[in-house]
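An overview of the molecular structure
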Amino acid sequence: MAKDRLSGKLAVILHADVAGSTQLVQQDEQLAHERIQEAFRRFSDTIGKYQGRVRELRGDALLAEFKLASDAVTAALAFQADHTDHNTRLNDNIRPRLRIGIALGEVVIADNTVTGAGVVLAQRVEQLAEPEGLCITAAIHEALPGRMPFDQENLGEQVLKGFDEPVRVYRVELSPGESIPPPQASEQLELVPRKWRLIAIVALTALIVGGGGLSYWFKSLAPIEEPASVDRMSSSLSDLPSIAVLPFTNMSGDSEQEYFVDGMTEDLITDLSKLSGLFVIARHSVFTYKGQSAKVQQVAEDLGVRYILEGSVRRAGDQIRINAQLIDATTGGHLWAERYDRQLQNIFAIQDEITASIVQALEIRLTTQEKEALIANATINFDAYEIFLRGQRSFRSRDRESISETISAYREAIKLDPEFSRAYGAIAVAMTLQYLRGWTESPLETQHLALELAQKAVAMSNKIPQVYWALGYVHLYRKEHDKAVQATQKAIEIAPNYADAYGLLALIYNHQGNPDAAIASITRGMELNPYYTYDYPYNLGRAQYLSGQYQDAIENLLKSLEKNETAAYPRVYLIASYAKLGLIDDAEWEAEQLQVQSPEITISQLRRTFPQTNTLMDELALDLRKAGLPE
């Protein structure tokens, strides 16, 4: 086994085949074979002149290995120019035309046979070339000296069969008016930039010492990213290791699987949020990059983090393949990468393994409580989990019909797993929303059932932060502020990076009349969720109104409305803030806007549904009356 591992190496691989060989053979089988063989003999001679070595020649395909990227590209262009000229002198249509692809990758050589990811990559890239054309990967593009007389057209990121991650490809031609460079001695040029040789050495050492498959090795050879600048980051790096988990890419070819891939990403974020030794960016902020081809460098600078986790998910039947890699954005280096080929039922184990690998790579010390929280699963029933994720997708629409669909999905999940704590908590939240929006014929019964379900969720699992969030949410709208604070603080105790828990806690403190605590909580939430939703500046502005900072309140409430112009409560407090400053015209205009957008909101309706103390409500009502809001 050790001998086979030692045969692996990083190499420049050239693959060529004959375009339309079947049609050539159908015209004249014997002549077509003779001309294809003759073309490959001439190509082999050219390859030898440029320090290359033909490793395999079969039928209508050729495989060669080079030490130098420049030699491989030059040999390919030299042959194509000569062969095109050769074909023009033929007096019939049996003219073999070759497509060529060149890639840098790992290969394993045994008995003069070359296999490995580098070979497959070269084959796939060759298929993108036009007849008599040449395509290369980004690694080859980077390795070519700038003095080479080649025009290289960037074809962008290409999805290649057998590769989970897109590959950047270039089309190469000889520059107009230039000549093909002559062969050079191999010692005159480096194979590739120094960084590539270092990566190869590290990867090969890991393979020899630690074992593992070629898929892991290939991942380790991924190009180093352009480093992020700490000086250009949106905020100072946390004293703790800081990380953003980008939305994993759905590689299944089925858009219906997006909910599953997104749910898995969210669960990874939640697991990492449980670690006090990490600073973890919230879901909403990282999901702003969903569907974008943002560079790791830019994401790190935008979010102010050092580490980026990215990956992809391919689901086929009852099988799943997950690729994940952890990148240090400040150096561009890949700290860890792995591919998981498992059955769908093992999705929970994969998530645990990814989290454990990150903890190990970043050398995070776990407390006893954190170890217990990480192994706490709300369910181990995959079918229930999948239905629950569908319910989460419906919940985001927040309209009457989607909330009913959400509750039905959660109930179905509970039927499959009666101990599914998160599903109980999620139903409680959805029912509370039904109560608040007036979407239930029995509001008191709905409110009471929501509390029962939230309490049941906590009783089932006291290590899941979402169930405590749900309990805090239910208590809030029962005006049980102290209990709401206790439950939400418990969610934060389990998951110190839980941004939405800080947001909910700020909302509770505002209803309780504790603006200083609200400001502290929402400020922490904004740090964890820099692309925050409208309710973050709403809670900050509301707390500033309560503490008498009316001008600051107006600025943040306007920011909230910029993010969601139809949101009612930010406008309520904007009206009150204008009234406090005597800006009655502005207050009246905002009141008119509120009545157009939300005609159901009146002072009495707010008294009935707004879960704040009576003293606070009396003060708010005075300001709203000044603006003419109906009783």
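What comes next is a walk through the structure.

For the protein, the count of helices and strands is 27 helices and 14 strands. Taken over the C-alpha atoms alone, the protein extends approximately 95 × 55 × 50 Å along its principal axes. Summarising the internal contacts of the protein: among those between residues at least 6 apart in sequence, 68% fall at separations of at least 24. Surface accessibility of the protein: about 28000 Å² in total, with carbon and sulfur atoms responsible for 47%. Side-chain charges of the protein comprise 62 positive and 84 negative groups, with the mean position of each set lying 3 Å from the other.

Now for helix H3 (residues 29-49). Taking 1.5 Å of rise per residue, the 21 residues of H3 would be expected to cover 30 Å, and the 31 Å separating its terminal C-alpha atoms lies within 8% of that figure. Of all the positions in H3, only Ala32, Arg35, Ile36, Ala39, Phe40, Arg42, Phe43, Thr46 and Ile47 are classed as buried. One face of H3 carries all of its buried residues, which in axial projection span an arc of 160 degrees. Exposed residues on H3 whose side chains face more than 90 degrees from its buried face are Gln30 and Lys49. Glutamine 51 lies just past H3 and shows a positive phi near 65 degrees.

So, about the packing of helix H15 (residues 400-416) against helix H16 (residues 421-437). Packing of H15 against H16 leaves a shortest axis separation of 9 Å and a crossing angle of 160 degrees. Classified by the angle between their axes, H15 and H16 sit roughly antiparallel to one another. As for the relative orientation of H15 and H16, their crossing is left-handed in sense. Across the interface between the two elements, Ile403, Ser404, Ile407, Tyr410, Arg411 and Ile414 of H15 pack against Ala423, Tyr424, Ala426, Ile427, Ala430, Met431, Leu433 and Gln434 of H16.

By size, the foremost hydrophobic cluster in this structure holds 144 residues, and its most contacted members are Phe248, Phe260, Leu309, Ile322 and Ile354. Once you skip the residues sitting within four places of it in the chain, isoleucine 322 turns out to touch Phe248, Met264, Ser312, Val313, Glu338, Arg339, Tyr340, Ile347, Ile350 and Ile354.

For the rest of this paragraph, the subject is the side chain of histidine 15. Positionally, histidine 15 belongs in strand E1 (residues 8-19). A relative accessible area of 5% means that histidine 15 is categorised as buried. In this structure the side chain of histidine 15 is engaged in a polar contact, spanning 3.1 Å, whose partner is the side chain of glutamate 126. Setting aside residues no more than four positions away along its own chain, histidine 15 makes contact with Arg58, Ala61, Leu62, Leu63, Arg99, Ile100, Gly101, Ala122, Gln123 and Glu126.

Positive phi outside glycine occurs at glutamine 51, with the angle close to 65 degrees. Mapped onto the elements, glutamine 51 comes out in the loop between H3 and strand E2 (53-58).

So, on to the pattern of salt bridges. Under the criterion given, the structure shown has 31 salt bridges. As a salt-bridge pair, arginine 168 and glutamate 157 come within 3.0 Å of each other at their nearest N and O atoms. A residue pair is termed long-range when its members are at least 10 positions apart, and arginine 168 in strand E8 (residues 167-174) and glutamate 157 in strand E7 (residues 150-158) qualify at 11 residues. For arginine 168, a relative accessible area of 29% corresponds to the partly exposed category. The shortest N-O distance in the salt bridge between glutamate 266 and arginine 396 comes to 2.6 Å.

A surface patch of negative charge is lined by Asp585, Asp586, Glu588 and Glu592. Mapped onto the elements of the fold, glutamate 592 is located in helix H25 (residues 584-597). A relative accessible area of 47% places glutamate 592 in the partly exposed class.

Rules used throughout
Residues numbered from 1 in each chain as written. Predicted model: local features only at pLDDT ≥ 70, side-chain atom pairs only at ≥ 80, totals over all residues. Heavy atoms only, no water. Helix = DSSP H or I, 4+ residues; strand = E, 2+ residues; numbered from the N terminus. Contact = heavy atoms within 4.5 Å. Areas by Shrake-Rupley, 256 points an atom, 1.4 Å probe, with all protein chains shown as cover. Lys, Arg positive; Asp, Glu negative; His and termini not counted. Charge placed at Lys NZ, Arg CZ, Asp CG, Glu CD. Expected span 1.5 Å × (residues − 1). Buried < 20%, exposed > 50% of the residue type's maximum accessible area, 1.4 Å probe, protein only. Arc of directions from axis to C-beta. Axes fitted to C-alpha atoms, helices over the stretch in contact; angles between N-to-C directions. Parallel < 35°, antiparallel > 145°, perpendicular 65-115°, else oblique. Left-handed = near helix turned anticlockwise from the far one by under 90°. Core = buried A, V, L, I, M, F, W, Y, C linked by side-chain atoms within 4.5 Å. Polar contact = N/O pair within 3.5 Å; in protein donor to acceptor, adjacent residues only side chain to side chain. Salt bridge = Lys/Arg side-chain N within 4 Å of Asp/Glu carboxyl O. Patch = residues over 30% accessible without salt bridge, like charges linked within 9 Å, V, L, I, M, F, W, Y side chains within 5 Å.

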